[in-house]
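Residues per chain are reported as follows:
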Amino acid sequence: MSEAAQHASPAPVFSTVAEGDLTLDDHEALAAMLARTFDAYDHWYAGARSWAGMQPELRVVARDGDVVVAHAGLRRQFVTVGETDLLVTAVGMVAVSPTAQGTGLGGALLRHVDAALERLGSRFGLLETGEAVQGFYRRAGWLPLDAVTGHAVTGHYTAFSADGAGVLVSQDEGWLIREVGATAAEWPAGDIRWNGQMV
């Protein structure tokens, strides 16, 4: 065995944790990593506040020793699509620490997210993201809703400021779904009404 191989650090260890099982130390470690990764929103992730919108139901977390290096939050909730109330699993706060980006950890994270989606049992995963990172999700099997439906889909959700004021936001692009218990052909027609905050 080469000297480099002998001193290589082990791969990060993944776990899927229910929100209610997280300790204060866990929340502080998650908040610190999320603040480093989403530096434009670091004011949300202060102290032990490890969420920006709706708190997740499950967290997929990768740790390198005691340090959190990757994270995704998942929560089952109803959205209204056109005239249909649909139970989805919202996915958000998908993050790889800046020190671990480009290592393949993000792909591993999304494979663990897939397992968590199966565990939660809804028909679709749903997330919104910017155009710059859509290729990352598409390579992992996520489908842009405009490609599924053949036209642009607008999503409406409530964004809250740091002091708690709610503002309705309409987002015309960046919506992606992951087939879980249904196929993309079964996604209802119409715009999305989130009826609250996103994860």
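Sequence positions are assigned chain by chain, starting from 1 and proceeding in written order. With pLDDT at 70 or above as the cut-off, local features in this predicted model cover only qualifying residues; side-chain atom pairs require 80 or more to be listed or tallied, and sums for whole chains, interfaces and linings still use all residues. Only hydrogens and water are set aside when side-chain values are computed; all heavy atoms of the structure are taken into account.

Caption draft 1: The arrangement of the nonpolar core in detail. Throughout this description, the term nonpolar core refers to a set of buried Ala, Val, Leu, Ile, Met, Phe, Trp, Tyr and Cys residues connected via side-chain atoms within 4.5 Å. A 1.4 Å probe rolled over the protein chains alone gives each residue an accessible area, and that area as a share of the maximum for its type sets the label: buried under 20%, exposed over 50%, partly exposed in between. Core analysis: the largest hydrophobic core is formed by 33 residues, its most contacted members being Val79, Leu126, Leu145, Trp175, Trp187, Ile192 and Trp194. When contributions to this core are tallied by element, the ones reaching two or more residues are helix H2 (24–37), strand E3 (67–81), strand E4 (84–96), strand E5 (124–128) and strand E9 (175–179). Formed by 25 residues, the second largest nonpolar core is a distinct cluster that contains Val96, Leu109, Leu127 and Trp142. Put simply, DSSP marks the helices as runs of H or I at least four residues long and the strands as runs of E at least two long, and each gets a number from the N terminus on.

Caption draft 2: Looking closely at the environment of Gly106. Structurally, the position occupied by Gly106 is in helix H3 (residues 105–120). Taking C-alpha positions, Gly106 is 18 Å from Ile177, a pair spaced 71 residues apart along the chain. By the convention used here, residues are in contact when the closest approach between their heavy atoms is within 4.5 Å. Non-local contacts of Gly106, meaning those with residues more than four positions away in its chain, are made with Val96 and Phe136.

Caption draft 3: Region of the structure containing the packing of aromatic side chains. Centres within 6.5 Å are what make two rings of Phe, Tyr or Trp a pair, Trp counting through its six-membered ring; a difference in plane orientation under 30 degrees is then read as stacked, over 60 as edge-to-face, and the rest as tilted. Scanning all chains against the criterion turns up six aromatic pairs. When the ring of Tyr137 is compared with that of Trp142, the centres are 6.3 Å apart and the planes differ by 80°; the resulting orientation is edge-to-face. Across this residue pair, the class does not change: Tyr137 and Trp142 are buried. The interplanar angle of 75° and the centroid separation of 6.4 Å between the aromatic rings of Tyr157 and Trp175 together place this pair among those described as edge-to-face. Separated by 18 residues along the polypeptide, Tyr157 in strand E7 (residues 155–160) and Trp175 in strand E9 bring together distant segments of the chain. Ring pairs connect the aromatic residues Phe136, Tyr137 and Trp142, which therefore count as one cluster.

Caption draft 4: Expanded view of the pattern of salt bridges. Salt bridge, as used here, is a side-chain nitrogen of Lys or Arg placed within 4 Å of a carboxyl oxygen of Asp or Glu. Under the defined criterion, the tally for this structure stands at five salt bridges. Salt-bridge contacts for Arg178 lead to Asp114; the nearest nitrogen and oxygen are separated by 2.9 Å. Here Asp114 lies in helix H3 and Arg178 lies in strand E9, a separation of 64 residues in the sequence.

Caption draft 5: Representation of H2 in the model. Taking 1.5 Å of rise per residue, the 14 residues of H2 would be expected to cover 20 Å, and the 20 Å separating its terminal C-alpha atoms lies within 8% of that figure. Buried residues of H2: Asp26, His27, Leu30, Ala31, Met33, Leu34, Ala35 and Thr37, and no others. Looking at the packing, one finds that the buried side of H2 touches strand E2 (58–64), E3 and E4. Between the first and last residue of a helix there are one fewer steps than residues, each counted as 1.5 Å, and that sum is the expected span.

Caption draft 6: Representation of H3. End to end, H3 covers 23 Å across 16 residues, agreeing with the expected 22 Å (1.5 Å per residue, within 8%). Buried residues of H3: Leu105, Gly106, Ala108, Leu109, Leu110, Val113, Ala116, Leu117 and Leu120, and no others. One or two residues past the end of H3 sits Gly121, with phi positive at roughly 75°.

Caption draft 7: Spotlight on the environment of Glu179. Assignment of secondary structure puts Glu179 in strand E9. For Glu179, a relative accessible area of 34% translates into the label partly exposed. Separated by 99 residues in sequence, Glu179 and Thr80 place their C-alpha atoms 17 Å apart. In this view, Glu179 contacts Arg123, Phe124, Leu143 and Ala184; residues no more than four positions away in its chain are not counted.

Caption draft 8: Spotlight on the layout of surface pockets. Taken as a whole, the largest pocket encloses approximately 1,000 Å³ of empty space. Cavities and pockets are defined on a 1 Å grid built over the protein atoms alone: a cavity is a set of grid points where a 1.4 Å probe fits but cannot escape, while a pocket is an open set with protein on both sides within 12 Å along at least five of seven lines, and lining residues are those with an atom within 4 Å of any such point. Along the wall of the largest pocket there are 37 residues; nearest its centre are Phe38, Tyr41, Met93, Glu128 and Val199. Taken together, the elements giving at least two residues each to the lining of the largest pocket come down to E4, H3, E5, helix H4 (134–139) and E7. Here the element with the most residues in the lining of the largest pocket is E4; it accounts for six residues. When residues are sorted by character, Ala, Val, Leu, Ile, Met, Phe, Trp, Tyr, Cys and Pro go into the nonpolar class, Asp, Glu, Lys and Arg into the charged class, and all the rest, Gly among them, into the polar class. In the lining of the largest pocket, the residues fall into 24 nonpolar, 12 polar and one charged. Grid points are joined across faces, edges and corners, and a volume is the space filled by probe spheres set on the points. Counted as a void, the second largest pocket has a volume near 190 Å³.

Caption draft 9: Examining the environment of Gln55 more closely. Note on placement: Gln55 falls in the loop between H2 and E2. Given the relative accessible area of 31%, Gln55 is considered partly exposed. Residues contacting Gln55, with those up to four places away along its chain left out, are Glu19 and Arg75. Within polar-contact distance, the side chain of Gln55 engages the side chain of Glu19 at 2.9 Å. Polar contacts, as used here, are pairs of N or O atoms within 3.5 Å; protein pairs need one atom able to donate a hydrogen and one able to accept it. Residues neighboring in sequence count only if both atoms are side-chain atoms.

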